[in-house]
Amino acid sequence: MKHSKMDHSIFWPAMILTIAITITLVIFQSSAEPVLTGILTDLTFRLDWAFEFLTMGLFILLLWLVFGRFARVKMGDPEDKPEFSRFSWGGMLFCASMGTSIMFWSIVEPLYYYTGPPFGIEGESAEAAEWAVAYGLFHWGISAWALYALPAVVIAYSFFVRKDPSLKISAACRGILGKYADGWLGKVIDILVIWSMIGGLSTSLGLGVPMVANVSAELLGIEPTLPLSIVIIVIWTIIFSSSAYLGLYKGIRKLSDWNIYIALVLAVFVLITGPTLFILTYFTDSLGLMLNNFMRMSLYTDPINEGGFPQAWTVFYWAWFAATAPFIGLFVARISKGRTIREMVTNILLWGSLGSFLYFAVFGGYAIDFELANSGALTSVLAESEPQVIVEVLKSLPLSTVVMIFFTVLGIVFLATSLDSATYIIAGIATTDLQKGEEPARWQRLLWGVVLSALAISLTIVGGLNVVQTSSVLVSVPVLIMYILLAVSLIKWLREREEPVKE
């Protein structure tokens with residue numbers, strides 16, 4: 001496998017900016033955190049309509065791509081075949097996108113909706129319980145994956161059809177930016193994308209490390225401490241380094257395959273040994289409730305009562321997913337050679353949604369059943385420690401020790417896969433071009449991994465992960481404009497395909 005050269009104009013500014021911003025946020029954490037949180041709250045209340053219309057508009061555009069005349073356009077030459085099986089491809093895109101987040105929120109999120117439901121529903125009521133998993137299915141379903149799908153299609157089209165050797169968002173915007181995609185504007189876009197990826201990893205770390213640490217501490221019979229969290233990050237870095245050394249085909253693909261197998265085994269075990277009939281009937285009811293109220297949930301802003309539920313959850317999620325979407329789009333695009341537009345869109349939406357639905361149905365359903373059967377058993381713990389809620393759920397299962405071991409392994413492998421995918425793409429952005437058969441330089445992938453691991457340990461020690469995460473979500477504001485540039489570029493390129501035919 002050949003490797004390309006580093007793009008100094010992106011590598012050094014991105015590296016310096018990452019380190020400088022992180023150090024600044026850590027030093028001034030106490031003063032920066034309330035300011036950034038205030039800005040984020042202001043953003044979700046003032047731009048709630050923009051994020052909701054964006055998500056709905058993307059879904060409509062993707063439907064046009066799937067059922068329109070360009071659905072059979074292939075990412076590559078007519079003779080190109082997919083590089084990965086459908087299982088490996090779907091596994092990689094799901095693991096890179098959701099990672100430990102789905103493990104964490106599939107258990108914790110329904111409990112929040114049960115105690116603080118939308119639409120003015122009374123908390124901890126029967127109606128609140130009905131909505132608890134339904135809103136989880138909505139937030140992690142088709143709408144979320146629509147935010148990931150469009151960048152993936154546009155970048156794949158630029159990379160494989162137009163043969164632009166740059167695996168960058170700026171290159172995917174070339175249809176509308178023209179020569180400016182190679183100038184300072186393009187560099188700014190790519191550096192912003194790298195920072196949003198750092199924040200996305202901070203989110204995975206902020207959720208994953210405490211969760212795995214608490215479960216590991218329970219297994220070892222010790223208290224979850226800072227040294228334990230650091231050990232987990234080191235183990236995670238070793239796994240990532242081995243995978244990064246092997247590359248996309250031998251490393252990331254195999255790691256993702258193992259991830260999916262472990263995740264499926266764990267979910268099936270809980271489904272069989274847990275309240276099977278309740279989980280199945282509860283999921284069915286939740287899915288029906290979500291589908292029946294899809295438009296209401298998609299455009300819900302609560303302007304009269306101003307309860308804040310849609311801003312705190314839906315709008316924040318759309319902003320968070322939008323901020324990380326360029327990274328996911330770049331990674332999914334890179335592994336999508338030989339697939340048609342229809343294949344890409346339908347598989348991203350369906351693979352992603354089904355994976356999310358499975359975990360919310362099984363783990364969310366189990367958590368709500370446990371809470372209803374043991375009033376306050378989980379919600380009282382939730383007020384003190386979110387990771388401990390997960391420990392309590394796992395402890396209540398049969399063969400709890402075995403389950404917690406599986407859960408810990410899955411969490412560590414998920415974290416490693418997320419970093420592996422992210423460093424591959426960061427290195428790709430900071431590379432001059434990627435010709436056929438080339439990958440970003442191995443040393444650059446490892447270097448970014450070491451830098452991110454060092455930042456993770458530093459931020460864990462000082463407790464600054466939330467600040468970095470919040471700052472990265474603010475990147476979603478310029479990403480709103482980026483989505484428009486990507487959509488217009490794709491439409492322009494697709495129409496250009498027809499011009500010779502019309503003549």
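For the structure, see preceding data.
Not measured: the values here are computed from a predicted model.

**A word on the overall build of the protein chain**
Part 1: Scanning the protein chain from terminus to terminus reveals 21 helices and two strands.
Part 2: Against the compact-globule benchmark of 23 Å for 503 residues, the protein chain has a radius of gyration of 22 Å, which places it among compact chains.
Part 3: With the principal axes as the frame, the protein chain shows a C-alpha extent of 70 × 45 × 45 Å.
Part 4: In the protein chain, which comprises 503 residues, the share counted as buried stands at 61%.
Part 5: Counting only contacts in the protein chain whose residues sit at least 6 apart along the sequence, the fraction spanning at least 24 positions is 85%.
Part 6: Looking at the protein chain as shown, the accessible area adds up to about 19,200 Å², and 65% of this sits on carbon and sulfur atoms.
Part 7: When the 30 positive and 37 negative side-chain charges of the protein chain are each reduced to one mean point, those points stand 17 Å apart.

**Remarks on unusual backbone geometry**
Part 1: We note that E124 has phi near 60°; this positive angle belongs to a residue other than glycine.
Part 2: Mapped onto the elements of the fold, E124 is located in the loop between α5 (100–115) and α6 (126–139).
Part 3: Positive phi, close to 50°, is recorded for D302, a residue that is not glycine.
Part 4: Secondary-structure assignment places D302 in the loop between α13 (294–298) and α14 (309–334).

**Re the environment of E109**
Part 1: Within the secondary structure, E109 sits in helix α5.
Part 2: Assessed through its relative accessible area of 0%, E109 is described here as buried.
Part 3: Each C-alpha atom, one on E109 and one on W313, is 9.8 Å from the other, the two residues being 204 residues apart in sequence.
Part 4: If near-sequence neighbours (up to four positions away) are discounted, E109 is found in contact with Y135, G136, H139, W140, W313, Y317 and F360.
Part 5: Side chain to side chain, E109 and Y317 meet in a polar contact 2.5 Å long.

**Things to note about the packing of aromatic side chains**
Part 1: Applying the stated rule across the entire model yields 39 aromatic pairs.
Part 2: Ring geometry for Y135 and F138: centres 5.8 Å apart, planes at 90°, overall edge-to-face. Separated by three residues within a single helix, Y135 and F138 lie in helix α6, roughly one turn from each other.
Part 3: Relative accessible area serves as the criterion here: at 0%, Y135 is assigned to the buried category.
Part 4: Of the residues examined, F138 reaches a relative accessible area of 1% and is grouped as buried.
Part 5: When the ring of Y317 is compared with that of F321, the centres are 5.5 Å apart and the planes differ by 10°; the resulting orientation is stacked.

**With respect to the nonpolar core**
Part 1: Judged by nonpolar contacts, the single largest core of 170 residues is most densely connected at W105 and L150.
Part 2: Ranked by residue count, the leading element in this core is α14, at 17 residues.
Part 3: Beyond its immediate chain neighbours, meaning those up to four positions away, L150 contacts L58, L61, L62, L65, Y483, A487 and L490.
Part 4: Counting six residues, the second largest nonpolar core, distinct from the first, contains V212, A213, L228 and I232.

**Some words on a nonpolar patch on the surface**
Part 1: Taken together, the side chains of L219, L220, I222, I405 and V409 make up a nonpolar region of the molecular surface, amounting to roughly 410 Å² of accessible area.
Part 2: Those elements that provide at least two residues to the nonpolar patch are α10 (184–220) and α18 (400–429).
Part 3: Positionally, L220 belongs in helix α10.

**Quick word on the pattern of salt bridges**
Part 1: Tallied over the full model, the rule gives twelve salt bridges.
Part 2: Across the salt bridge formed by D7 and K168, the nearest N and O atoms sit 2.8 Å from each other. Within this pair, whereas D7 is found in the loop between β1 (2–3) and α1 (8–27), its partner K168 is found in the loop between α7 (142–161) and α8 (169–172), the two being separated by 161 residues in sequence.
Part 3: In this structure, R86 engages E343 in a salt bridge whose closest nitrogen and oxygen atoms are separated by 3.3 Å. Of this pair, R86 sits in helix α4 (residues 86–97) while E343 sits in helix α15 (residues 341–373); the two residues are 257 residues apart in sequence, bridging distant segments of the chain.
Part 4: The network of salt bridges with shared partners includes D7, K168 and K187.

**Quick look at the environment of W493**
Part 1: Summarising the element assignment, W493 is placed in helix α21 (residues 476–502).
Part 2: Taking relative accessible area as the criterion, W493 reaches 4% and is therefore assigned buried.
Part 3: When sequence neighbours within four positions are dropped, the list of residues in contact with W493 reads V154, Y157, S158, R162, A171, A172, R174 and G175.

**What to know about helix α12 (residues 276–292)**
Part 1: Relative to the 24 Å expected for 17 residues at 1.5 Å per residue, α12 spans 24 Å between its end C-alpha atoms, a close match to the ideal helical length.
Part 2: Buried within α12 we find I279, Y282, S286, L289 and M290. In an axial view of α12, the angular spread of the buried residues amounts to 100°, which keeps them on one side of the axis. The outward face of α12, more than 90 degrees from its buried face, is lined by the exposed residues L277, T284, L291 and N292.

**Observations regarding the packing of helix α2 (residues 29–46) against helix α3 (residues 48–67)**
Part 1: It is the contact of α2 with α3, at a shortest axis distance of 4 Å, that shows an interaxial angle of 60°. In terms of their interaxial angle, α2 and α3 are classed as oblique. Contact residues: L43, T44, F45 and R46 in α2; D48, W49 and F51 in α3.
Part 2: Residue composition of the contact of α2 with α3, grouped by class: four nonpolar, one polar and two charged.

Each value, and the rule that gives it
Residues numbered from 1 in each chain as written. Predicted model: local features only at pLDDT ≥ 70, side-chain atom pairs only at ≥ 80, totals over all residues. Heavy atoms only, no water. Helix = DSSP H or I, 4+ residues; strand = E, 2+ residues; numbered from the N terminus. Rg over C-alpha atoms; globule rule 2.2 N^0.38 Å. Buried < 20%, exposed > 50% of the residue type's maximum accessible area, 1.4 Å probe, protein only. Contact = heavy atoms within 4.5 Å. Areas by Shrake-Rupley, 256 points an atom, 1.4 Å probe, with all protein chains shown as cover. Lys, Arg positive; Asp, Glu negative; His and termini not counted. Charge placed at Lys NZ, Arg CZ, Asp CG, Glu CD. Polar contact = N/O pair within 3.5 Å; in protein donor to acceptor, adjacent residues only side chain to side chain. Phe/Tyr/Trp six-rings, centres within 6.5 Å; stacked < 30°, edge-to-face > 60°. Core = buried A, V, L, I, M, F, W, Y, C linked by side-chain atoms within 4.5 Å. Patch = residues over 30% accessible without salt bridge, like charges linked within 9 Å, V, L, I, M, F, W, Y side chains within 5 Å. Salt bridge = Lys/Arg side-chain N within 4 Å of Asp/Glu carboxyl O. Expected span 1.5 Å × (residues − 1). Arc of directions from axis to C-beta. Axes fitted to C-alpha atoms, helices over the stretch in contact; angles between N-to-C directions. Parallel < 35°, antiparallel > 145°, perpendicular 65-115°, else oblique. Nonpolar A, V, L, I, M, F, W, Y, C, P; charged D, E, K, R; others polar.

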